[in-house]
Amino acid sequence: MFTHNGKIYLFANWKMYLDYDESNILANALARGAKKFGDKIQMAIFPSALSLYPVGQVLRDVGIGVGAQNVYWVDKGGYTGEVSAAMYRAVGCEYTLIGHSERRHQFGETDHDVREKMKAALASGLTPVLCVGETEQQRNTGKTEEVVEVQLRAAFDGLNWPKDKELIVAYEPVWAIGAGVACDPDEAMRMHELIIKICKNLIKNSDPVVLYGGSVRPNNVVGYLSQPAIDGVLVGAASTKLDEWLEIISAAQEL
Ligand code: PGA
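Predicted, not measured: the structure shown is a model, and the values here were computed from it. (Residues numbered from 1 in each chain as written. Predicted model: local features only at pLDDT ≥ 70, side-chain atom pairs only at ≥ 80, totals over all residues. Heavy atoms only, no water.)

A. Structural view of the site of the ligand. Looking at the ligand, there are 13 residues lining it, with Lys15, His100, Glu172, Gly178 and Ser215 nearest. Lys15 is positioned with one of its side-chain polar atoms (N or O) 2.8 Å from an oxygen atom of the ligand. Gly178 is positioned such that a nitrogen or oxygen atom in its backbone is 2.6 Å from an oxygen atom of the ligand. For the ligand, the protein covers 100% of the area, taking 280 Å² as the surface of the free molecule. A class-by-class count of the residues in the shell around the ligand yields five nonpolar, six polar and two charged. (Near = heavy atom within 4 Å. Polar contact = N/O pair within 3.5 Å; in protein donor to acceptor, adjacent residues only side chain to side chain. Areas by Shrake-Rupley, 256 points an atom, 1.4 Å probe, with all protein chains shown as cover. Nonpolar A, V, L, I, M, F, W, Y, C, P; charged D, E, K, R; others polar.)

B. Representation of the nonpolar core. Core analysis: the biggest nonpolar cluster contains 69 residues, and Leu10, Leu152, Phe156 and Trp245 have the highest contact counts within it. Looking at this core, the element that brings in the most residues is helix H8 (residues 185-202), giving seven residues. Apart from residues no more than four positions distant in its own chain, Leu10 is found in contact with Ile41, Gln42, Met43, Ala44, Leu225, Val233, Trp245, Ile248, Ile249 and Ala252. In this structure, Phe11, Ile168, Ala170 and Leu234 belong to the second largest nonpolar core, which totals 13 residues. (Core = buried A, V, L, I, M, F, W, Y, C linked by side-chain atoms within 4.5 Å. Buried < 20%, exposed > 50% of the residue type's maximum accessible area, 1.4 Å probe, protein only. Helix = DSSP H or I, 4+ residues; strand = E, 2+ residues; numbered from the N terminus. Contact = heavy atoms within 4.5 Å.)

C. The arrangement of the UniProt feature "binding site: substrate" (unreviewed entry) in the chain in detail. Summarizing the sequence annotation, UniProt attributes the feature "binding site: substrate" (unreviewed entry) to Asn13, Trp14, Lys15, Gly178 and Ser215 in the numbering used throughout. On the basis of their most widely separated C-alpha atoms, the annotated residues across 203 residues gather in one place, lying no more than 13.7 Å apart. Considering the arrangement of structural elements, one finds Trp14 in the loop between strand S1 (8-13) and helix H1 (20-37). Given the relative accessible area of 1%, Trp14 is considered buried. Each residue touching Trp14, except ones within four places of it in the same chain, is listed here: Ser23, Leu26, Ala27, Leu30, Ile45, Phe46, Pro47, Val55, Gln69, Ser239 and Thr240. Mapped onto the elements, Lys15 comes out in the loop between S1 and H1. Judged by its relative accessible area of 12%, Lys15 is buried. In contact with Lys15, not counting residues within four places along its chain, are Phe46, Ser48, Gln69, His100, Glu102, Ile177 and Gly236. (UniProt positions renumbered as here; feature names shortened; annotations may be inferred.)

D. Region of interest: H8. Here H8 contains 18 residues, and its C-alpha end-to-end distance of 25 Å stays within 8% of the 26 Å for a straight helix at 1.5 Å per residue. Looking only at H8, the buried set comprises Ala188, Met189, Met191, His192, Ile195, Ile196, Ile198 and Cys199. Where H8 begins, the side chain of Asp184 points an oxygen toward the backbone nitrogen of Asp186, at a separation of 3.1 Å. (Expected span 1.5 Å × (residues − 1).)

E. Structural detail: helix H5 (residues 111-124). The terminal C-alpha atoms of H5, which comprises 14 residues, lie 20 Å apart, in line with the 20 Å expected from a rise of 1.5 Å per residue. Those residues of H5 that fall on the buried side of the exposure criterion are Asp113, Val114, Arg115, Lys117, Met118, Ala120, Ala121, Leu122 and Ser124. Its buried side turned inward, H5 meets helix H3 (85-90), strand S4 (95-98), helix H4 (101-106), strand S5 (127-132) and helix H7 (144-156). Remark: Gly125 follows H5 within two positions and exhibits a positive phi of approximately 100°.

F. A look at the environment of Pro185. Position of Pro185 relative to the elements: it lies in helix H8. For Pro185, a relative accessible area of 22% gives the class partly exposed. Taking the C-alpha atoms as reference, Pro185 lies 30 Å from Ala29; in sequence the two are 156 residues apart. For Pro185, the residues in contact, after removing those within four places along its chain, are Gly223, Tyr224, Gln227 and Ile230.

G. Geometry of the packing of aromatic side chains. Scanning the model with the defined rule gives nine aromatic pairs in all. Where Tyr9 meets Phe11, the ring centres are 5.9 Å apart and the plane angle is 65°; that geometry is what we call edge-to-face. Since its relative accessible area comes to 2%, Tyr9 is described here as buried. Among the residues examined, Phe11 registers a relative accessible area of 0% and is labelled buried. Aromatic side chains Phe11 and Phe46 sit 5.7 Å apart centroid to centroid with 50° between the ring planes, which places their arrangement in the tilted category. Highlighted residues: Phe11 in strand S1 and Phe46 in strand S2 (residues 41-46), separated in sequence by 35 residues. We note that Phe11, like Phe46, is buried. Arg103 extends its terminal NZ or CZ atom over the ring of Phe107, reaching a point 4.3 Å from the ring centre. (Phe/Tyr/Trp six-rings, centres within 6.5 Å; stacked < 30°, edge-to-face > 60°. Lys NZ or Arg CZ within 6 Å of the ring centre and 35° of its normal.)

Set out below in structure tokens:
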């Protein structure tokens, strides 16, 4: 905590939980409270593609960023159902999640796809939030470190990291996502240290920001944010409920 200019990163992945109206209602509620969040909180919301533009319009003026949940790497063309990194950037989007475990495991996204998306995000000016993490089976067979290292190496392979671009990775153990079973903060901390080390090796002079994700709730968020190598959290379900998200924000403010 506080390793990056005194900022705590609170990133909200709304996944496909909220429809258009629900997204706008929640964004407006956040915009109304935003002044009280303070400078310490670096917040970004990742709504559905359908809601991203109006949500971004509401949040832009109050200092809350918006990001895509996924991007395609070709700028334009015959790719039915896809939206490119460049298209998101053109409507004011700042970030994009890349390689979220639900993309990898439910939609078959490969390390190659992740690398292409990283490249396209950087080229379009988006800040990628690269998600990595091991499955339960990989964890049970002692492969956690190896799996995460392979994912990181593949994602950053040959990338020319722009000097002014934040390098953000989310450590999200697959078994902890949407499961109600969160990773022990000490265990997450060890993985964060490893991720920082690998990223510094892969991208020279980088200063990686590493977020924890997977069943973060108001009652466990302080455990993560109190760890020195955990710069913030990427929250799914709890970020879609106004009361829970506000509780997470106030817990972070009090640190
Ligand atoms: P969760 O999701 O907080 O609902 O576990 C986290 C994520 O997938 O980013």
